[in-house]
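# Overview (structure and organization)
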Amino acid sequence: DSGVTQTPKHLITATGQRVTLRCSPRSGDLSVYWYQQSLDQGLQFLIHYYNGEERAKGNILERFSAQQFPDLHSELNLSSLELGDSALYFCASTPGLTGTEKLFFGSGTQLSVL
Amino acid sequence: AQTVTQSQPEMSVQEAETVTLSCTYDTSESDYYLFWYKQPPSRQMILVIRQEAYKQQNATENRFSVNFQKAAKSFSLKISDSQLGDAAMYFCAYRSGRGSTLGRLYFGRGTQLTVWP
């Protein structure tokens, strides 16, 4: 168990809908990263939050947004969903910002858009 | 941008034998880290081994070791005495040690490892 909790584990929805994925980092970790894993694109970095602030953006669509709350949990919001958004969404956490830190991954949320 | 290339989409090995998975990367940075992650059917991302670019000594974790060739930008993973539980997708990943992309992982496309009994 990595200590990172993602809910829900599975999500099935329809095109055009909006969903929210939740991530609770390990206790004390201030950094949260979101990744998308799909057959077409592989594993891609979406966004990074540190202590409530956005630190870096990757290949995140404008239809997607995220935030990190004061209790450090993070949510990834996906709207106007398309078939191509079907993927496994991971979050990972680290204590801070140094490159030496190990990333701890959650077990992911499998999103299926029908 | 940094790129990570895994040229072997699939590999197979007999139980108890040794297998090597290849990875190359492209970067202009001097401070970085390299990783191998394992993703079994459960889909959990599990860190197998990590290498700091400033260390010349190759990292080793039990049956897993790497061959880090910095000049060639090569980072291969050797699995010795392969076990059925090693069957998984293996991802090579790069992480910068500083700068605006700090902490972000760049992944290769993965190598699916099959272990035959």
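Residues numbered from 1 in each chain as written. Chains lettered and ligands numbered in written order. Predicted model: local features only at pLDDT ≥ 70, side-chain atom pairs only at ≥ 80, totals over all residues. Heavy atoms only, no water.

### Quick word on the interface of chain B and chain A
Which entries qualify depends on this criterion: We call two residues in contact whenever any of their non-hydrogen atoms come within 4.5 Å of each other. For any pair of parts, buried area is found by adding up, for both, the accessible area (1.4 Å probe) each one loses once the two are put together. A carboxyl oxygen of Asp or Glu within 4 Å of a side-chain nitrogen of Lys or Arg is what we treat as a salt bridge. Two N or O atoms count as a polar contact when they lie within 3.5 Å, although within protein this holds only if one can serve as hydrogen donor and the other as acceptor, and sequence-adjacent residues are included solely when both atoms are side-chain atoms. Residues were grouped as follows: Ala, Val, Leu, Ile, Met, Phe, Trp, Tyr, Cys and Pro as nonpolar; Asp, Glu, Lys and Arg as charged; and all remaining residues, including Gly, as polar.
Contacts between the two partners involve 19 residues from chain B, matched on the other side by 28 residues from chain A. Interface of chain B and chain A: buried area, both sides summed, is about 1,900 Å²; carbon and sulfur atoms make up 51% of it. Scanning the region where chain B abuts chain A turns up zero salt bridges. Joining chain B to chain A, the criterion identifies six residue pairs in polar contact (both at pLDDT 80 or more). Classifying every residue of the side of chain B that touches chain A gives eight nonpolar, six polar and five charged.

### A few points about the layout of surface pockets
To keep it simple, the criterion reads: Computed over the protein atoms alone on a 1 Å grid, cavities are sets of points where a 1.4 Å probe fits but cannot get out and pockets are open sets with protein on both sides within 12 Å along at least five of seven lines; a residue lines them when it has an atom within 4 Å of a point. Grid points are joined across faces, edges and corners, and a volume is the space filled by probe spheres set on the points. Numbered from the N terminus, helices here are DSSP runs of H or I no shorter than four residues, and strands are runs of E no shorter than two.
Approximately 670 Å³ is the volume found for the largest pocket. As for the largest pocket, its lining consists of 31 residues, of which Q37, S38, L39, D40 and G42 of chain A are closest to the centre. Of all the secondary structure elements, the ones that give two or more residues to the lining of the largest pocket are β4 (31–38), β5 (42–50) and β9 (87–94) of chain A together with β10 (88–96) of chain B. In terms of residue class, the lining of the largest pocket is built from 12 nonpolar, 13 polar and six charged.

### A closer look at the packing of aromatic side chains
Note the cut-off: Only the six-membered ring of Trp is used, alongside the rings of Phe and Tyr, when aromatic pairs are assigned; centres must lie within 6.5 Å, and planes under 30 degrees apart are stacked while those over 60 apart are edge-to-face, with the rest tilted. The buried label applies to any residue whose accessible area, calculated with a 1.4 Å probe on protein chains only, is under 20% of its type's maximum; exposed applies above 50%, and partly exposed to all values in between. Both a distance and an angle decide whether a charge sits over a ring: NZ of Lys or CZ of Arg must be within 6 Å of the ring centre and within 35 degrees of the ring normal.
The final tally for this structure, using the stated rule, is 15 aromatic pairs over all chains. With a centroid separation of 6.2 Å and an interplanar angle of 20°, the aromatic rings of W36 of chain B and F75 of chain B are classed as stacked. Of this pair, W36 of chain B sits in strand β5 (residues 32–39) while F75 of chain B sits in strand β9 (residues 74–79), placing them 39 residues apart in sequence. Judged by its relative accessible area of 0%, W36 of chain B is buried. What links up through ring pairs into an aromatic cluster is the set Y35, F45, F90 and F105 of chain A together with F35, Y37, F91 and F107 of chain B. Sitting over the face of the ring of F104 of chain A, R26 of chain A holds its NZ or CZ atom 3.7 Å from the ring centroid.

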